[in-house]
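A closer look at the structure
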Amino acid sequence: MHSLQDFAEGKLAALETRALRRTLAPTHRIDGLWVERDGQRLLSFSCNDYLGLSHHPAVKAAAAQAVETYGVGSGASRLVTGDHPLMSALEGRLADLKGTEAACVFGSGYLTNAGVIPTLIGPGDLLIADELAHACIWAGGRLSGAETLRLRHNDVGHLEEILTARRGEARRVLVATDGVFSMDGDLAPLDRLSATCRAHDAWLLSDDAHGIGVLADGRGSAHVFPGADIPLQMGTLSKAVGGYGGYLCASRAVIDLIKTRARTFVYSTGLPPASAAAAIAALDIIARDPALCALPLAKAQAFTSALGLPAAQSAIVPVVIGEADAALAASRRLRKQGFLVVPIRPPTVPEGTARLRIAFSAAHPDDEVARLAAAVRPLLAA
Ligand SMILES: *Cc1c(COP(=O)(O)O)cnc(C)c1O
């Protein structure tokens, strides 16, 4: 046991000296907008609850009702006895929203990519992933055993180069990218990526974790680009949808294969019925209220315009500070002014690009957005 203790303590000490140790800060989310930390009430710009649906009365009521009726857990993997009828109802809603034949719901977004990618590719195949793609895409790549190549961020010419050089020798090729980049807020050029993939018979997977509910009337990043043809559209129910769970939308055959073979689906317990009920209620709101879905981007653009930054493309605006300790200090300054803006440090973002990641919600009051812009202005000059 001694060497284990030494290992853990040594690792922590090394991270501490680089300002990279992470600790949990108990946070009471009062209403999806205001939070309480260490007795201080703060306006959060660090939640992904873009539409405030985590606390919406209709969504909460649907979840509470499902708990009363069906209990708190699903009891088993969906292939055993955990496939509650609410799951296929939810999958129908997701497929409708995304415009695909079918959908498959997983325990989380992370589990979705960790399950889908190794089901589709393996040794002898190639995964090409944008260098800023989410950690769970890289995890899926490792689990698959496929050779993984790093695509320069949003560089379609680089993709063309790689495919021209390597497509012939690879059995299958999967290209994976975030639709909205989680730490940068920019969009992938999904129309041009999909055209290049088609030309080389490569399969495109887009991770729409931050697009669903926010872009293109809530339908997500793929729908920002008319003509984009994306056979694998995954995402999460934990951000704008307000609850928990992940999904893949694709053709009927692909979904049937995933449900038969994806290990994070087959060997993991089904989502609790209340999570499915909450997601259905949230998707109802998203479908009937495009004006609500447009608000997070509008707030983000008001912020970037106030500061003379490039116009926000999504609800996420990065303010890159540089070193990790400077980002921590910047976050503390904002906190003194009543804002919770959590600093993001390596390895979540590349070395030297520690940042404040500001996430806008439909519920943020306009005067608070203006006050935050004024508080951030001196940090930009630094
Ligand atoms: C949050 C996130 C995920 C993971 O989704 P969870 O449901 O939280 O596991 C996947 N991809 C991206 C781009 C994300 O931001």
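Shown above is the structure to which this text applies.
Residues numbered from 1 in each chain as written. Predicted model: local features only at pLDDT ≥ 70, side-chain atom pairs only at ≥ 80, totals over all residues. Heavy atoms only, no water.

**A word on the overall build of the chain**
Selection criterion: Here a strand is any run of E in DSSP of at least two residues, a helix any run of H or I of at least four, and the numbering for each starts at the N terminus. Working definition: with a 1.4 Å probe on protein chains only, accessible area under 20% of the residue-type maximum means buried, over 50% means exposed, and in between means partly exposed. Note on definitions: a residue-residue contact is assigned when non-hydrogen atoms from the two residues lie within 4.5 Å. Using a 1.4 Å probe, the Shrake-Rupley method yields the accessible areas, and only the shown protein chains count as cover for residues. Just so you know, the count uses Lys and Arg for positive and Asp and Glu for negative, and it drops His and the chain ends. Each charge is placed at NZ for Lys, CZ for Arg, CG for Asp and CD for Glu.
Within the chain, the secondary structure is distributed over 13 helices and 14 strands. Taken along the three principal axes of its C-alpha coordinates, the chain extends 55 × 55 × 55 Å. A burial count over the chain gives 53% of its 382 residues as buried. In the chain, the proportion of contacts linking residues at least 24 apart, taken out of those at least 6 apart, comes to 70%. With an accessible surface of roughly 16,900 Å², the chain has 55% of that area assigned to carbon and sulfur atoms. Charged side chains in the chain number 37 positive and 38 negative. The centres of these two groups are separated by 3 Å.

**Looking at the sheet that holds strand E3 (residues 40-44)**
As a reminder, the rule being used: For two strands to count as paired, DSSP must find a minimum of two bridges between them.
Taken together, four strands build an open sheet; the order of strands is E1-E2-E3-E12 and the sheet is mixed. At either margin of the open sheet sits one strand with a lone partner, and together these are strand E1 (28-29) and strand E12 (339-340). Two elements, E1 and strand E2 (residues 34-37), share two bridges in a ladder whose sense is antiparallel. If you follow His28 over to E2, its bridge partner there is Glu36.

**Here's the deal with unusual backbone geometry**
In this model, Pro346 is joined to Pro347 through a cis peptide bond whose omega is 5 degrees. With respect to the helices and strands, the residue Pro347 is situated in the loop between strand E13 (343-344) and strand E14 (354-359). In this structure, Ala216 takes a positive phi of about 50 degrees despite not being glycine. In this fold, Ala216 is placed in the loop between strand E8 (203-207) and strand E9 (232-236).

**Some words on the sheet that holds E14**
Where we set the bar: Between N-to-C directions, angles cover 0 to 180 degrees, with each direction set by a line fitted to C-alpha atoms, over the stretch in contact for helices.
Across the sheet, three strands lie side by side as E11-E14-E13; this open sheet has antiparallel pairing. Both outer strands of the open sheet, strand E11 (316-322) and E13, are each paired with one neighbouring strand and no more. Looking at chain direction, E13 and E14 are connected through two bridges and run antiparallel. Across the sheet, Pro343 pairs through a bridge with Leu356, a residue of E14. Its contacts with the sheet place helix H12 (residues 324-336) against E11, E13 and E14, and it is angled at close to 35 degrees to E14.

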